[in-house]
Amino acid sequence: MAWIDYKKAFDSVPHTWILKTMRMYKMNPIIIRFIENSMKNWHTKLLIKHDQGETETCTIQICNGIFQGDSFSPLLFCLSLAPLSELLRKNETGYVMKKAANSEGQKIHHLLFMDDLKLYAKSDTDLNNQMKIVHEFSEDIKMKFGLEKCSKLTIRRGRATSTGDMNFKMDETITELNAEDHYKYLGICESDNIKHAAMKSSLKKEYISRLKSILKTELNSKNKINAINSLAVPVLRYSFGVVNWRKDEIKKLDTKTRKLMTMHHMHHPKSDTQRLYIPRKKGGRGLQEIEQTFKTEIIGLAQYINNSDNIYCKLIAQEDKQRKTKSLSYRHDKYVREVNMETANLYTAENTVAKPTTIAKAARVQYKNATLKMRETIWESMPLHGQHKKLTSQPHVDELSWTWLSSSGLKPASEGFIFAAQDQSLPTKYYRKRILKQNTDGKCRMCHNQNETVAHLMSGCGALAATEYTWRHNRIGHYIHLELCKHFNITTSTKNWYDYSPAPVTENEQVKILWDVPVITDREIRSNRPDIIVKLKKKRECLFIELAVPADHNLLQKESEKHSKYADLKMECEKMWRCKINIVPIVIGATGVVSKKLMRHIQQIPGNVRFDMIQKITLLGTVHILRKALNAPLD
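First, a word on what this report is: a plain description of the structure on this page. (Residues numbered from 1 in each chain as written. Predicted model: local features only at pLDDT ≥ 70, side-chain atom pairs only at ≥ 80, totals over all residues. Heavy atoms only, no water.)

So, on to the overall build of the protein chain. The secondary structure content of the protein chain amounts to 23 helices and 21 strands. Taken over C-alpha atoms, the radius of gyration comes to 34 Å for the protein chain, far larger than the 26 Å a tight globule of 635 residues would show. Projected onto the principal axes, the alpha-carbon positions of the protein chain cover approximately 110 × 70 × 65 Å. Counting only residues that meet the buried cut, the protein chain has 47% of its 635 residues in that class. (Helix = DSSP H or I, 4+ residues; strand = E, 2+ residues; numbered from the N terminus. Rg over C-alpha atoms; globule rule 2.2 N^0.38 Å. Buried < 20%, exposed > 50% of the residue type's maximum accessible area, 1.4 Å probe, protein only.)

As a further point, take the environment of S85. Its place among the elements puts S85 in helix α4 (residues 73–90). Along the chain, S85 and H109 lie 24 residues apart, while their C-alpha atoms are 9.0 Å from each other. Contacts of S85, omitting those with residues within four sequence positions, involve H110 and L112. (Contact = heavy atoms within 4.5 Å.)

Scanning the entire structure with this criterion turns up 28 salt bridges. A salt bridge links E36 to R23, with the shortest nitrogen-to-oxygen separation between them at 3.3 Å. Placement of E36 in helix α3 (residues 29–40) and of R23 in helix α2 (residues 15–24) is noted, with a sequence separation of 13 residues between them. For K200, the salt bridge is made with E249, and the minimal N-O distance between the two is 3.2 Å. In this pair, K200 sits in helix α6 (residues 196–215) while E249 sits in helix α8 (residues 247–263), placing the two residues 49 residues apart along the sequence. In terms of burial, K200 and E249 fall into one category: buried. (Salt bridge = Lys/Arg side-chain N within 4 Å of Asp/Glu carboxyl O.)

Our next topic: the side chain of E291. Mapping E291 onto the fold places it in helix α10 (residues 290–307). With a relative accessible area of 11%, E291 lands in the buried category. In this structure E291 touches K247, I250, K251 and D254, once residues within four positions along its chain are discounted.

Mapped onto the secondary structure, L301 falls in helix α10. When the C-alpha atoms of L301 and R364 are compared, they prove to be 9.2 Å apart, with 63 residues separating the residues in sequence. If we ignore the near neighbours within four places in the chain, the residues touching L301 are G241 and L328.

The subject of this paragraph is the nonpolar core. Formed by 60 residues in total, the largest nonpolar core has its most connected members in I480, L484, I545, I586 and I614. If one sorts the elements of this core by residue count, helix α23 (residues 611–630) sits on top with 10 residues. Here L484 is in contact with I513, I532, V534, I545, I605 and P606, once residues within four sequence places are set aside. With 42 residues, the next largest nonpolar core counts L203, I228, L276 and I305 among its residues. (Core = buried A, V, L, I, M, F, W, Y, C linked by side-chain atoms within 4.5 Å.)

A surface patch of positive charge is lined by K212, K216, K256 and K259. In this fold, K212 is placed in helix α6. (Patch = residues over 30% accessible without salt bridge, like charges linked within 9 Å, V, L, I, M, F, W, Y side chains within 5 Å. Areas by Shrake-Rupley, 256 points an atom, 1.4 Å probe, with all protein chains shown as cover. Lys, Arg positive; Asp, Glu negative; His and termini not counted. Charge placed at Lys NZ, Arg CZ, Asp CG, Glu CD.)

With that settled, the discussion passes to a nonpolar patch on the surface. Taken together, the side chains of L46, I48 and I60 present a nonpolar region at the surface, about 240 Å² in accessible area. Assignment of secondary structure puts I60 in strand β5 (residues 60–61).

This part takes up the packing of α8 against α10. Contact geometry for α8 and α10: axes closest at 8 Å, N-to-C directions at 140 degrees. Our classification of the angle between α8 and α10 gives oblique. Every residue of α10 that contacts α8 at K247, I250, K251, L253, D254 and T257 is listed here: I290, E291 and F294. Of the residues that constitute the contact of α8 with α10, the class distribution is four nonpolar, one polar and four charged. (Axes fitted to C-alpha atoms, helices over the stretch in contact; angles between N-to-C directions. Parallel < 35°, antiparallel > 145°, perpendicular 65-115°, else oblique. Nonpolar A, V, L, I, M, F, W, Y, C, P; charged D, E, K, R; others polar.)

Glancing now at the side chain of H268. Mapped onto the elements of the fold, H268 is located in the loop between α8 and α9 (273–276). In contact with H268, other than residues within four places in its own chain, are G416, A420, S425 and L426.

Our focus in this paragraph is the packing of aromatic side chains. One pass over the full model with this rule turns up nine aromatic pairs. Between the aromatic rings of W17 and F137, the centroid separation amounts to 5.9 Å while the plane-to-plane angle is 75 degrees, which identifies the pairing as edge-to-face. On the criterion of sequence distance, the pair formed by W17 in helix α2 and F137 in helix α5 (residues 124–140) is long-range, its members being 120 residues apart. Exposure remark for F137: the relative accessible area of 7% places this residue in the buried category. Between F294 and Y335, the aromatic rings sit 6.3 Å apart at their centres with planes inclined by 65 degrees, giving edge-to-face as the arrangement. Of this pair, F294 sits in helix α10 while Y335 is found in helix α12 (residues 328–338), placing the two residues 41 residues apart along the sequence. For F294, a relative accessible area of 5% puts it in the buried group. (Phe/Tyr/Trp six-rings, centres within 6.5 Å; stacked < 30°, edge-to-face > 60°.)

Here we take up the sheet that holds strand β19 (residues 532–536). As summarised here, the arrangement of the five strands in space is β17-β18-β19-β20-β21, forming an open sheet in which the pairing is mixed. Two strands close off the open sheet at either side, each with one partner strand: β17 (505–507) and β21 (580–587). Along the sheet, successive strands turn relative to each other by an average axial angle of 15 degrees, direction set aside. Where strand β20 (residues 541–548) lies against β21, eight bridges are found, and the strand directions are parallel. From the neighbouring strand, I545 faces β21, where its bridge partner is V584. Each of β19, β20 and β21 is contacted by helix α21 (residues 567–577), which is oriented at about 145 degrees to β21, the strand it contacts most. (Pairing = 2+ DSSP bridges.)

Let us now look at the packing of helix α19 (residues 462–487) against α23. Packing of α19 against α23 leaves a shortest axis separation of 10 Å and a crossing angle of 160 degrees. Looking at the two axes, α19 sits roughly antiparallel to α23. As for how α19 packs across α23, the hand of that crossing is right-handed. On α23, the residues that touch L464, E468, Y469, W471, R472, R475, I476, Y479 and I480 of α19 are M613, I614, I617, T618, G621, T622, H624, I625, K628 and A629. (Left-handed = near helix turned anticlockwise from the far one by under 90°.)

Okay, structure coming up:
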């Protein structure tokens, strides 16, 4: 066999040949005229810098080459080399494969992907004949070989044999591949077989290198996960089904990934592992697990090969059966059984014959869905980590509880810390006593009254109520107050909510906004200080906006409490001010959990008050409180 590489392939194809092949393959004349007229305008100028200044050349017409990156260019290039493929197919040379299903003595001549060509022949003489065809065709269309990237290899009885270099022209020679060397064809190292060990070592090194580079960036958590999924994981994914990966090697890469994420403060070591690989819209972090990606690719590849009528796929399927427990079919069945996946009807449509690619895609999607379902079941069954999953699955909890995972743009350390809090994996005194079995009383280091759990520190500690909880509460109020001022065109000292401090009374001809001001009524009412009072002067309407950040499981109780707490004040004020008053409770759990009523309440507030901003402010406040409390000295 021989590997052929063209020198500057995209830049070398003559425009005249491209137009010729388009007519040969009977493309639409309108498209041909469009390309032909476009080519006439392909030109450039060179700017030459010298001691006396700069000189610009006249217009240089581009007569060869197509634009890399243009969506139409790959098709034009493939059309340009398609006649070469046809010439090799018609030639009598080639290598006869063993008998396959419904085929005997199938002959293969070449593999061609873009400009990467691989020739097969039964002897050096036949290989030379093929090379003559390739060389003559290439010279005719003015394309040249990159000889330093070309090579040949002879295999006899399964072993590489030296037969010398290939000389097809006086000054052009294709060197023979050394026994210790290999050729990288389409990203895979080959010689007399695939160099599995070398490939795995190279792929691991590249994956870890990219992973570390991504983790060192200043990207937010969501974008880091996306970068890992799109830039690091595909390095390995490309090799799945081609390189012989062992299960333990794949698992070690996942472990290494989590370890590096922990080292860069992106993942808490005690957090639930399953959540890492669950999509963000479902409450996870959306990282692609390498083991799952590997199994998904094997299932898709097995379905494609077994359902394809292509003769090469049949040959591969025949060879695959001889690999027994290492075959694609065996591993496909094994991975399907692991997740109780049904494969009988992967693709069904009336009067439709499914394409192999369609079946393979359906199999991959079905496996991903089955794996996701299994992960969610495992997560929910965990006695400690699963409590948050059970809470968010209750009917009154809104799916918007996971909005922060997609829109907030939190830093990796903050996001990982919130996940650890939701999983109750932070090293509180109660966690140390009950889980780690340490010799401690488990009482809160701040108030010394209740057990020091994550929920207690977030919203139930009396020692933190007057300071930290009030600070978090007020930051939400500052944001809403600022948005109200913007809506009613009231000038403020700053446009940033984190620098804003509202005045007790703010008003103009449209509205009067009171911030934490007690309301004087005829009869004494104890609860007479709503967080924000918005009096719309022209509409004769009023809003009592009340804020609260309770424990996640206390949402409904707190919303009901806010209504009952200010019911008396509402009745008195309606009599005094002669206007309609609505109580608007803005209640959000300490880790972002919200009820289905919250969005309706937010929509009652004038202006562009964004739910995701309220959620982000709450979460950042909770992270601050927990870090401060956990860093406080123990008794």
